[in-house]
Amino acid sequence: MTTPATTIDRALQHVYKEVLRRNPGEHEFHQAVEEVLGSLGPVVKRHPHYLAERVIERLCEPERQIIFRVPWTDDAGQVQINRGFRVEYSSVLGPYKGGLRFHPSVLLGTVKFLGFEQIFKNALTGLPIGGGKGGSDFDPKGRSDAEVMRFCQSFMTELYRHLGEYTDVPAGDIGVGGREIGYLFGQYKRITNRYEAGVITGKGLAWGGSRARTEATGYGTVYFANEMARHVGRSLDGQRVVVSGSGNVAIYAIEKVTEFGGTVVAASDSSGYVVDEAGIDLDLLKDLKEVRRERISRYAEEKGGDVRFVEGGNIWDVPCEVALPCATQNELDEEAATTLVRNGTHIVAEGANMPCTPGAVRVFQEADVLFGPGKAVNAGGVATSALEMQQNASRDSWSFEHTDERLGEIMRNIHESVVTTAEDYGRPGDYVFGANAAGFTAVADAMLAMGVI
Ligand code: NDP
């Protein structure tokens, strides 16, 4: 991707060109910027002052980028060195907020793409949170708890100086779950000698966590998909659904789909996918992934019968009416999208961040498949993190029902705002446009009110 995409309005091509020039080799970041710029043509036409004040160029440049060395010792006594990142993107709506990803594929460009998306996603929630993201190329897979702890302690020993409940509030993402959040928070507390619960979210319930935070991204994804279905007079009840991944987002998306009467017939991890026509057995999947940290092939081995494991392969070959990609970026390409369309898929909602390639999105839109982009669909996770911060600030703890109800309400509001924004610009049903335009406008207006920042 070296030349500006033709979908970007001419008035904005120079912005994209400059992003490419200043951020060489960061393809995922380019892709995320291209996706947002592709929607902003009509917005700047209606509000030319956004262009004149160079708001978009400002937003493409993070407020601060931190890169640091993370040295630690493995169980064999060998010194290991990883790289840590925190990109503090935008703080006009609140403290920087966004997760940490621990995965060997993490580069600065990965964190920038996620941070850029996060600005608009957080704006869509309507809650007072800015955008940021972080992580490391550390791979927790196959590491002992003691190794993960030593890594997290070293990571936080550098990162703590940049954090604070009013400054920057990380959370989990790929490879960072409850265990890692515990080690990170514990080290922050030791270094600062402060019990600053609101400095990190995704905490355990006994030490400042919020009920429904673990479930929030997956549940929120399905609440959003349900709103999409309702909007066109359909429902998830009785639908055949495929969910990729088998991590935090996927597991709770599967749980909520089942509650809504749908049947999830396939799930995956990076080794392959399983097909269970009777519907994925969530107790077994949770035990395998949340407790035993096993590969997905074990699901088929332990289930037996007609359940199949397909090594490698493409989960999107499994026919379904609703597709929920919940694993990672660019996991669903143009070819997979064409297969889904041929198999009669009518709703695709992104539980992961940017799981569909631009080509795949084009295929869905041309085939009139309802397509919900991640920054709207999976915003329930960060929204519930903001609810966790609210509970921490008021030294309170809400019930599961109350928190889940707030989550449902936030997802319905995001859906409403995306749909009405798209309609207002004469693009009904275009969730990509609606999410980008609504998220951008909220951030841009706050930014302009604060002067040249
Ligand atoms: P987890 O680490 O809990 O699970 C990730 C899942 O995706 C695993 O099944 C993993 O398989 C699979 N996966 C990861 N990388 C790859 C890859 N390169 N190829 C194939 N499969 C892969 O992460 P989450 O569930 O938290 O996150 C999933 C997605 O949702 C990410 O895009 C994340 O940014 C996004 N998201 C998460 C939020 C949250 O609250 N957790 C909030 C909003 C978005 P394996 O174990 O084999 O690697």
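About the criteria used
- Residues numbered from 1 in each chain as written.
- Predicted model: local features only at pLDDT ≥ 70, side-chain atom pairs only at ≥ 80, totals over all residues.
- Heavy atoms only, no water.
- UniProt positions renumbered as here; feature names shortened; annotations may be inferred.
- Helix = DSSP H or I, 4+ residues; strand = E, 2+ residues; numbered from the N terminus.
- Rg over C-alpha atoms; globule rule 2.2 N^0.38 Å.
- Buried < 20%, exposed > 50% of the residue type's maximum accessible area, 1.4 Å probe, protein only.
- Areas by Shrake-Rupley, 256 points an atom, 1.4 Å probe, with all protein chains shown as cover.
- Lys, Arg positive; Asp, Glu negative; His and termini not counted.
- Charge placed at Lys NZ, Arg CZ, Asp CG, Glu CD.
- Contact = heavy atoms within 4.5 Å.
- Polar contact = N/O pair within 3.5 Å; in protein donor to acceptor, adjacent residues only side chain to side chain.
- Axes fitted to C-alpha atoms, helices over the stretch in contact; angles between N-to-C directions.
- Parallel < 35°, antiparallel > 145°, perpendicular 65-115°, else oblique.
- Nonpolar A, V, L, I, M, F, W, Y, C, P; charged D, E, K, R; others polar.
- Phe/Tyr/Trp six-rings, centres within 6.5 Å; stacked < 30°, edge-to-face > 60°.
- Left-handed = near helix turned anticlockwise from the far one by under 90°.
- Near = heavy atom within 4 Å.
- Domains from an automatic or database assignment.
- Pairing = 2+ DSSP bridges.

The name given to the protein in an unreviewed UniProt entry is Glutamate dehydrogenase, with Ornithinimicrobium pekingense as the source organism. Under the UniProt heading Sequence similarities (unreviewed entry), the entry covering the protein gives this text: "Belongs to the Glu/Leu/Phe/Val dehydrogenases family." Under the heading Subunit (unreviewed entry), UniProt records this for the protein: "Homohexamer."

Asker: I tried to follow the overall build of the protein on my own but got confused; where do I start?
Answerer: Of the regular secondary structure elements, the protein holds 17 helices and 12 strands. Computed over C-alpha atoms, the radius of gyration of the protein comes to 21 Å, within 12% of the 22 Å expected from 2.2 N^0.38 for 453 residues, which places it in the range of a compact globule. Once the C-alpha set of the protein is aligned to its principal axes, its extents read approximately 55 × 55 × 45 Å. For the protein, with 453 residues in total, the buried portion stands at 58%. As displayed, the protein has an accessible area near 18000 Å², and 48% of this comes from carbon and sulfur atoms. Here the protein contributes 47 positive and 61 negative side-chain charges, whose respective centroids are spaced 5 Å apart.

Asker: Looking at this structure, I do not really get helix H10 (residues 282-291). What am I missing?
Answerer: Given 3.6 residues per turn, any residue in an α-helix points the same way as the ones three and four places further on. Taken together, the buried positions of H10 are occupied by Leu-282, Leu-284, Leu-285, Lys-286, Leu-288 and Lys-289. At its buried positions, H10 is contacted by helix H9 (248-259), strand E7 (263-269) and helix H11 (297-303). Here H10 starts with a cap whose side-chain oxygen sits 3.2 Å from the backbone nitrogen of Asp-283, and that cap is Asp-281. Just past H10, the residue Arg-293 takes up positive phi, approximately 50 degrees.

Asker: Looking at this structure, I do not really get the packing of helix H5 (residues 108-125) against helix H17 (residues 431-449). What am I missing?
Answerer: Two packed helices can be described by the angle between their axes and the distance between those axes. Put simply, H5 and H17 touch, their axes get as near as 8 Å, and they point 85 degrees apart. Relative to H17, the element H5 is oriented roughly perpendicular. Contacts from Ile-119, Phe-120, Ala-123 and Leu-124 of H5 reach H17 at Ala-435, Ala-438, Gly-439, Phe-440, Ala-442 and Val-443. For the contact of H5 with H17, the class distribution of residues is nine nonpolar, one polar and no charged.

Asker: I tried to follow the packing of aromatic side chains on my own but got confused; where do I start?
Answerer: Two aromatic rings are characterised by how far apart their centres lie and by the angle between their planes. Applying the stated rule across the entire model yields 20 aromatic pairs. Judged by centre distance (5.3 Å) and plane angle (75 degrees), the rings of Phe-185 and Tyr-195 are edge-to-face. Pair noted here: Phe-185 is in helix H7 (residues 178-192) and Tyr-195 is in the loop between H7 and helix H8 (213-231), with a separation of 10 residues, a long-range link. Ring geometry for Phe-364 and Phe-371: centres 5.9 Å apart, planes at 15 degrees, overall stacked. Of the two residues, Phe-364 and Phe-371, neither departs from the other in class, the shared state being buried. Pairwise contacts between aromatic rings join Phe-68, Trp-72, Phe-102, Phe-138, Phe-151 and Phe-155 into one cluster.

Asker: Just to check I follow, could you spell out the packing of H8 against H9 for this structure?
Answerer: At a minimum axis distance of 7 Å, the contact between H8 and H9 shows a crossing angle of 50 degrees. Taken together, the axes of H8 and H9 lie oblique to each other. Regarding H8 and H9, the two cross each other, and that crossing is right-handed. The segment H8 lies against H9, with Thr-214, Glu-215, Thr-217, Gly-218, Tyr-219, Thr-221, Val-222 and Tyr-223 engaging Asn-248, Val-249, Tyr-252, Ala-253, Glu-255, Lys-256, Val-257 and Glu-259. The residue inventory of the contact of H8 with H9, partitioned by class, reads seven nonpolar, five polar and four charged.

Asker: For this particular structure, what's the right way to read the site of the ligand?
Answerer: Around the ligand, the surrounding shell holds 24 residues, and the nearest of these are Lys-141, Asp-173, Thr-217, Ser-270 and Arg-295. Between the ligand and Asn-353 there is a distance of 2.8 Å, counted from an oxygen atom to a side-chain nitrogen or oxygen. Protein burial of the ligand: of its 890 Å² of free accessible surface, 82% is covered by the chains. At the level of secondary structure, the elements contributing two or more residues to the shell around the ligand comprise H8, H9 and E7. Residue composition of the shell around the ligand, by class: five nonpolar, 13 polar and six charged. In terms of domain composition, the shell around the ligand takes at least three residues from each of domain 2 (64-196) and domain 3 (215-377).

Asker: What is the right way to look at the sheet that holds E7 in this model?
Answerer: Backbone hydrogen bonds are what pair the strands of a sheet, in a parallel or an antiparallel way. Strands sit in the order E9-E8-E7-E6-E10-E11-E12 across an open sheet of seven strands; the sheet is mixed. Across the chains shown, the open sheet's two edge strands, defined by having one partner strand only, are strand E9 (308-311) and strand E12 (370-372). Pairwise comparison of adjacent strand axes, ignoring direction, gives a mean angle of 15 degrees for this sheet. Here four bridges tie E7 to strand E8 (residues 272-275), and the two strands are oriented antiparallel to one another. Opposite Asp-269, over in E8, you have Gly-272 as the bridge partner.

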